[in-house]
Amino acid sequence: MSNIITEGLGKSFGAAEIFRGVTFRLEKKEKVGLVGSNGEGKTTLMRCLLGLEEYDAGRINIGAGVTLGYAAQGGTVGAGSLWEHLLAFGREIFLLRDKLSALTKEAAEEEDLNRQGALLQQYSLLERDYEHKGGYVYEQEIKKVAYGLGFNENDFPRPAESFSGGQKTRILLAGALLGRPDFLFLDEPTNHLDIQMTEWLEKYLSEYQGGLLLVSHDRYFLDRTVGKIFQMEGGQLKVYRGNYSHYARQRREEDAAQQAAYEKQQEHIAKTEEYIRRYKAGIKSKQARGRESQLSRLERIAQPIKASGFRLLLPAPPPCAEKVLVLEDLAVGYNKKRILGGLDLLLRQGEKVALVGANGLGKTTLLKTITGELQAVSGASRLGSRVKVGYFSQEHKGLFGGQTLLAEMMNSYALEETRARTLLGGMLFHGDDAMKTLDALSGGERARLALLKLLLDGANFLLLDEPTNHLDIKAREVVEEALCCWPGTVLAVSHDRYFLDKIAGRVWEIEDGRLRDFNGGYAYYREKKEDNANNLLDKTVALKNTAAEKSLNKQNRRSGQDVERQLAAVELSLREQEGLLQVLERRLADPGEHADMESSRRLSDEHAQIKGVIDGLLEKWEKLLQEQEKNT
């Protein structure tokens, strides 16, 4: 059996039930997205499957010999260089290498021919397994994965511990990919990847031959990598076939059907209660008591939970000048060292712009220069009249302390409790959530509170640096709805392509130390990028075709004498190579030539190489004959 089966799985932390009755089957090579709001138990379920967490009820059945790989958030890396660390993930490959080396030595020293033959047979079987697992190309695979995740040759000798937290997470992700397990478990793998890295990972996972269980809030990523969705909600798991977009459509249809059923039932309940109230003490009291009994046994349909209308609760931004931001030959960087330059741009009131580009190219540096936190290297960055900037940084400074969310809102904005709770509810802080202290907030909760406070502070120009980081999908949708309907100006750095596609009407791309302006949304930007790439490819192909055509014309002008001279040279080479092949075939037939494994392999390789040379010469000989006939 090469699958994973759970039956009635349950898990609690003390009195708090995390999930119950979780039952599913994960087939080999199946790719599944595990989705749900923060706190629903997705990571806990994954850790139970991996044996890293105890579960309280049910059972997990994993097929014998099935291997599992895991890339967790915030894990630790081992000692040694990055290259040594990545090599260590191929433990099975290096064990096989050691076994092959030992067999080679043993076969070379064995004098008994029968025993030697058995060793050679064992070597052949082991080598086949080694080749199947990618042993001969493992070092190349390391480079492919490392480059795809943003590392380069200069990073390989660096101590793994010297990298940043985000880079360490990428190292652990690289290790999980290089391990090539039967089932790969990934928990928010795109959190520290830029768009280029994410697109590379999408392609890698789409070609991955093992199974995949993926926890992610990246909707584009889920659409491109999985064919089934496991939804965790209210402690239970439900299975949907299709990618994320298909799942979202099914959920909307289910919610609409549930809402209709709920409203119909509420109408029935209201009529029944009215009947009972009217006739309970009258002539129809018996019928009224019967209906009351039926009503008490009625299984109530839950009302679908809807996020409150966040956009309706926010005040409009204060007015400002039409020209919100003007960049004039601006260059930005640190310590007068230029990272990005030549910026001549104008941002008008109400525009919403996505700022994209690979990590480390200067996106955050540009935002900090606009706010005045960093000094420009050269040129100027000017804000328009009455423009008030709200800067959403990844650090969320100031949102710490022992006071509750409710107290923070009431004290900061002189709000009544009802109004404060309504605003908090708009950002998914419901009920007792309002009594959480700032210090107790998760990363996603702190991000939601920070955005809410920015808008309430009266900003009319928002600079957003990864606003959806740590947010679950429901919270992202609330933020998207708010920003789409908010009439102020936005400049947003984000790697969430779904978010950018929803809010942005213009894209600024940083590449090669310059900034390009695309006057359209994210989908328009991607289309233009693909067109540019295709045009470049077409030009390259055209140049190659032109060169090939010139070469062919040159060949066609060769005289018959040249062709005959070349024919004679090819025939001579053929005779020489065929003679060498005969010698090698006699050596291959001699058992004594195979006593040393390395010599035997070299002999086989040389034989294959000469056969390839002969095939090439024969092909050339045939073409020359055709050309000779043509000239004649």
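Only a predicted model underlies this, so the values are computations on that prediction, with no experimental measurement involved.

Participant: Summarise the overall build of the protein; cite the residues concerned and give the values.
Facilitator: Regarding its fold elements, the protein presents 19 helices and 18 strands. For 632 residues, the compact-globule formula gives about 26 Å, and the C-alpha radius of gyration of the protein, at 34 Å, lies well above that figure. Overall size of the protein, expressed as C-alpha extent along the three principal axes, is 115 × 70 × 55 Å. Evaluated residue by residue, the protein yields a buried proportion of 44% over its 632 residues. Approximately 33100 Å² of the protein is accessible, and the part contributed by carbon and sulfur atoms is 49%. Between the mean site of the 88 positive side-chain charges and the mean site of the 92 negative ones, the protein shows a separation of 7 Å.

Participant: Could you give me a rundown of the sheet that holds strand β7 (residues 211–215), with the residues and numbers involved?
Facilitator: Hydrogen bonds between backbone atoms are what pair the strands of a sheet, whose relative direction is either parallel or antiparallel. Pairing within the open sheet is mixed, and its 6 strands lie in the order β5-β6-β7-β3-β8-β9. With partners counted over all chains shown, the strands left at the sheet margins are β5 (68–71) and β9 (236–241), one partner each. Put simply, the sheet's adjacent strands are angled 20° from each other on average, direction ignored. Sheet topology places strand β3 (residues 31–35) next to β7; 4 bridges connect them, and they run parallel. Pairing of Val-32 across the sheet is with Leu-213, part of β7. Of the strands in this sheet, β3, β5, β6 (183–187), β7, β8 (228–233) and β9 are in contact with helix α1 (residues 42–49), which crosses β6 at around 150°. Helix α9 (residues 244–279) contacts β3, β8 and β9 of the sheet and is inclined by roughly 115° relative to β9.

Participant: Give a description of the environment of Gln-196 that names residues and reports values.
Facilitator: The topology assignment puts Gln-196 in helix α7 (residues 195–207). When the C-alpha atoms of Gln-196 and Ala-358 are compared, they prove to be 6.6 Å apart, with 162 residues separating the residues in sequence. Contact partners of Gln-196, with chain neighbours within four places excluded, come to Gly-357 and Ala-358.

Participant: Mind laying out the packing of helix α5 (residues 138–148) against helix α6 (residues 165–178), listing which residues take part and the relevant values?
Facilitator: With their axes 10 Å apart at the nearest point, α5 and α6 run at an angle of 140° to one another. The angle between α5 and α6 places the two elements in the oblique class. Between α5 and α6 lies a crossing whose hand is right-handed. Note on element contacts: α6 touches α5 through Ala-174, Leu-177 and Leu-178, opposite Tyr-138, Glu-141, Ile-142 and Val-145. Residue composition of the contact of α5 with α6, grouped by class: 6 nonpolar, no polar and 1 charged.

Participant: Could you give an account of the packing of aromatic side chains, naming the residues involved and the relevant values?
Facilitator: The tally for this structure, following the rule as stated, stands at 13 aromatic pairs. Ring-pair connections join several aromatic residues into one group, and the members of that group are Trp-83, Tyr-147 and Phe-156. Lying across the ring of Tyr-275, Arg-291 places its NZ or CZ 3.7 Å from the centre. Here the guanidinium or amino end of Arg-448 rests over the ring plane of Phe-429, the centre of that ring lying 4.6 Å away.

Participant: Before we move on, can you summarise the sheet that holds strand β13 (residues 378–383) with the specific residues and values?
Facilitator: Strand order in the open sheet formed by 3 strands is β11-β10-β13, with antiparallel pairing between adjacent strands. Of all the strands in the sheet, the pair left with one neighbour each is β11 (337–348) and β13. Sheet twist, expressed as the mean angle between neighbouring strand axes with direction ignored, is 20°. Bridging between strand β10 (residues 323–334) and β11 involves 8 bridges; their strand directions are antiparallel. The residue of β11 that forms the bridge with Val-332 is Leu-340. Running over the sheet, helix α11 (residues 363–371) touches β10, β11 and β13 and is turned about 120° from β10.

Participant: Can you lay out the side chain of His-85 for me, pointing to particular residues and giving the numbers?
Facilitator: Mapped onto the secondary structure, His-85 falls in helix α2 (residues 82–88). Discounting chain neighbours no more than four positions away, the residues touching His-85 are Val-77, Gly-78, Ala-160 and Ile-171.

Participant: Describe unusual backbone geometry, with residues and values.
Facilitator: For Glu-466, which is not glycine, the phi dihedral falls at a positive 55°. Inspection of the secondary structure assignment puts Glu-466 in the loop between β15 (461–465) and α15 (473–485). You will see that Asp-512, though not glycine, has its phi angle at about 55°, which is positive. Mapped onto the elements, Asp-512 comes out in the loop between β17 (506–511) and β18 (514–518). With relative accessibility at 72%, the residue Asp-512 sits in the exposed group.

Participant: Could you give me a rundown of the environment of Glu-622, with the residues and numbers involved?
Facilitator: Here Glu-622 lies in helix α19 (residues 597–631). On the basis of relative accessible area, Glu-622 is assigned to the partly exposed category, the value being 45%. For Glu-622 and Ser-385, which are 237 residues apart along the polypeptide, the C-alpha to C-alpha distance reads 79 Å.

Participant: Please set out the nonpolar core residue by residue, giving values where relevant.
Facilitator: Counting residues in hydrophobic clusters, the biggest one holds 51 residues, and the most contacted among them are Leu-149, Leu-177 and Leu-205. Among the elements that line this core, the one with the most residues is α6, at 7 residues. Ranked by size, the runner-up nonpolar core spans 46 residues in total, among them Leu-406, Val-490, Ala-504 and Phe-518.

Participant: Tell me about the packing of helix α12 (residues 405–413) against helix α14 (residues 443–456), and name the residues and values.
Facilitator: Interhelical geometry of α12 versus α14 gives an angle of 15° and a closest axis separation of 12 Å. Looking at the two axes, α12 sits roughly parallel to α14. Note on packing geometry: the crossing formed by α12 with α14 is right-handed. From α12, Leu-405, Glu-408, Met-409, Ser-412 and Tyr-413 reach across to α14, where they touch Leu-449, Leu-452, Lys-453 and Leu-456. For the contact of α12 with α14, the class distribution of residues is 6 nonpolar, 1 polar and 2 charged.

Rules used throughout
- Residues numbered from 1 in each chain as written.
- Predicted model: local features only at pLDDT ≥ 70, side-chain atom pairs only at ≥ 80, totals over all residues.
- Heavy atoms only, no water.
- Helix = DSSP H or I, 4+ residues; strand = E, 2+ residues; numbered from the N terminus.
- Rg over C-alpha atoms; globule rule 2.2 N^0.38 Å.
- Buried < 20%, exposed > 50% of the residue type's maximum accessible area, 1.4 Å probe, protein only.
- Areas by Shrake-Rupley, 256 points an atom, 1.4 Å probe, with all protein chains shown as cover.
- Lys, Arg positive; Asp, Glu negative; His and termini not counted.
- Charge placed at Lys NZ, Arg CZ, Asp CG, Glu CD.
- Pairing = 2+ DSSP bridges.
- Axes fitted to C-alpha atoms, helices over the stretch in contact; angles between N-to-C directions.
- Contact = heavy atoms within 4.5 Å.
- Parallel < 35°, antiparallel > 145°, perpendicular 65-115°, else oblique.
- Left-handed = near helix turned anticlockwise from the far one by under 90°.
- Nonpolar A, V, L, I, M, F, W, Y, C, P; charged D, E, K, R; others polar.
- Phe/Tyr/Trp six-rings, centres within 6.5 Å; stacked < 30°, edge-to-face > 60°.
- Lys NZ or Arg CZ within 6 Å of the ring centre and 35° of its normal.
- Core = buried A, V, L, I, M, F, W, Y, C linked by side-chain atoms within 4.5 Å.

None of this, on its own, says anything about what the molecule does.
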